[in-house]
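# Coordinates in review
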Amino acid sequence: KLKDFRKRLKISVIGLGQCGGNLAVEFAKRGYESFALNTSFSDLKSLEELPKEFRLHVGLDGRSGAGRDLNLGKQSLLSNRDRILSVLGEAAKSSDLFLMVAGMGGGTGSNLPTLAEILRPLNLPISVLVTLPAESESSLTKVNAIQAVNTLFRQNLNSVILIDNQKILDFFPGVSLSDYYVRANERIVKSFDDFNRADHAYKIRSLISFDSEDFRKVFS
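A brief structural summary.

How each quantity is defined
- Residues numbered from 1 in each chain as written.
- Predicted model: local features only at pLDDT ≥ 70, side-chain atom pairs only at ≥ 80, totals over all residues.
- Heavy atoms only, no water.
- Buried < 20%, exposed > 50% of the residue type's maximum accessible area, 1.4 Å probe, protein only.
- Helix = DSSP H or I, 4+ residues; strand = E, 2+ residues; numbered from the N terminus.
- Arc of directions from axis to C-beta.
- Pairing = 2+ DSSP bridges.
- Axes fitted to C-alpha atoms, helices over the stretch in contact; angles between N-to-C directions.
- Contact = heavy atoms within 4.5 Å.
- Right-handed = clockwise from strand over helix to strand, strands pointing away.
- Core = buried A, V, L, I, M, F, W, Y, C linked by side-chain atoms within 4.5 Å.

Along helix α4 (residues 70-79), the positions that sit buried rather than exposed are Leu70, Leu72, Gly73, Ser76 and Leu77. Down the axis of α4, the sector holding all buried residues measures 165 degrees, keeping them to one side.

Below, the structure is given as structure tokens:
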């Protein structure tokens, strides 16, 4: 497995907010170096699969959570700029790409554009993978998501991958909410990882050529 992993695009995953942290854990299970940044102590504490030093609390003045307040989330990240650069600067030395992951709509995760600006001095390509709110989520969540996505597209990012939570929800009718999030995260990350390792999955026979270099070009 280690030999196989070395052939893949070496990606450092950065999860921001609750959804981002859970996705980062799922990536870590598949061998990716993964970090979680959050303003919430309790959310970080639940991510036991990640080493403690890879879980960064970025709350403002010791606060826990951002309460869907985009400005509070932004100020929280900016106040922790030096810590973020110190930890992720080490990851940048051995990575091909930063992949930032988050759920759009919350006060913390929706500040991926701010995090991208903080990481800019590290001179590593940055891509983002974000989930969009389902139909049942609140109006505030949807407004925050719209603002965040619009800001992302104004930035000079390598790529932006949008995941529609509503479409994924339709794959799992009748499951409980807790089971849904687990299965949805697994499905998102597995799909991404399958592309990253497709060139070395010998049981796959492509109808249209798509190999490791094609995957790299997607992110450049």
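Now that the structure has been shown, the text picks up again.
Another aspect to go through is the sheet that holds strand β4 (residues 97-103). The strand order across the open sheet built from six strands is β3-β2-β1-β4-β5-β6, with neighbouring strands paired in parallel fashion. Of all the strands in the sheet, the pair left with one neighbour each is β3 (55-57) and β6 (159-164). The mean inter-strand angle of the sheet, taken between neighbouring strand axes irrespective of direction, is 20 degrees. The sheet contact formed by strand β1 (residues 11-16) and β4 spans five bridges and is parallel. By the bridge assignment for β4, Val13 is matched with Leu99. Against the sheet, helix α5 (residues 81-92) touches β1, β2 (33-38), β3 and β4, its axis set at about 170 degrees to β2.

On to the pairing of strand β5 (residues 126-132). Among the seven residues of β5, six are classified as buried, and the element is accordingly described as predominantly covered. Two elements, β4 and β5, share six bridges in a ladder whose sense is parallel. Bridge assignment links Met100 to a residue of β5, and that residue is Val128. In the classification by handedness, the crossover that spans β4, the intervening helix α6 (residues 112-119) and the parallel β5 is right-handed. Two strands pair when backbone bridges link them, and β5 and β6 are joined in this way by six bridges, in the parallel orientation. Paired with Val130 across the bridge in β6 is Leu162. Since β5 and β6 lie parallel, the crossover through helix α7 (residues 139-153) that links them has a hand, and here it is right-handed.

Take the pairing of β1 next. Within β1, six of the six residues are buried, which leaves the element mostly enclosed by the surrounding structure. Sheet analysis places β1 next to β2, joined by five bridges and oriented parallel. Across the sheet, the residue bridging to Ser12 is Glu33, located in β2. Tracing the backbone out of β1, into helix α2 (residues 17-29) and back to the parallel element β2 gives a crossover that is right-handed.

With 29 residues, the main nonpolar core has Ile84, Leu112 and Leu115 as its most contacted residues. Of all the elements in the fold, those that place two or more residues in this core are β1, β2, α5, β4, α6, β5 and α7. Looking at this core, the element that brings in the most residues is α6, giving five residues. Look past the residues within four positions of Leu112 in its chain and what remains in contact with it is Leu16, Met100, Val101, Ala102, Met104, Val128, Val130 and Leu152. Leu23, Phe27, Tyr32 and Leu99 belong to the second-largest nonpolar core, a separate cluster that totals 20 residues.

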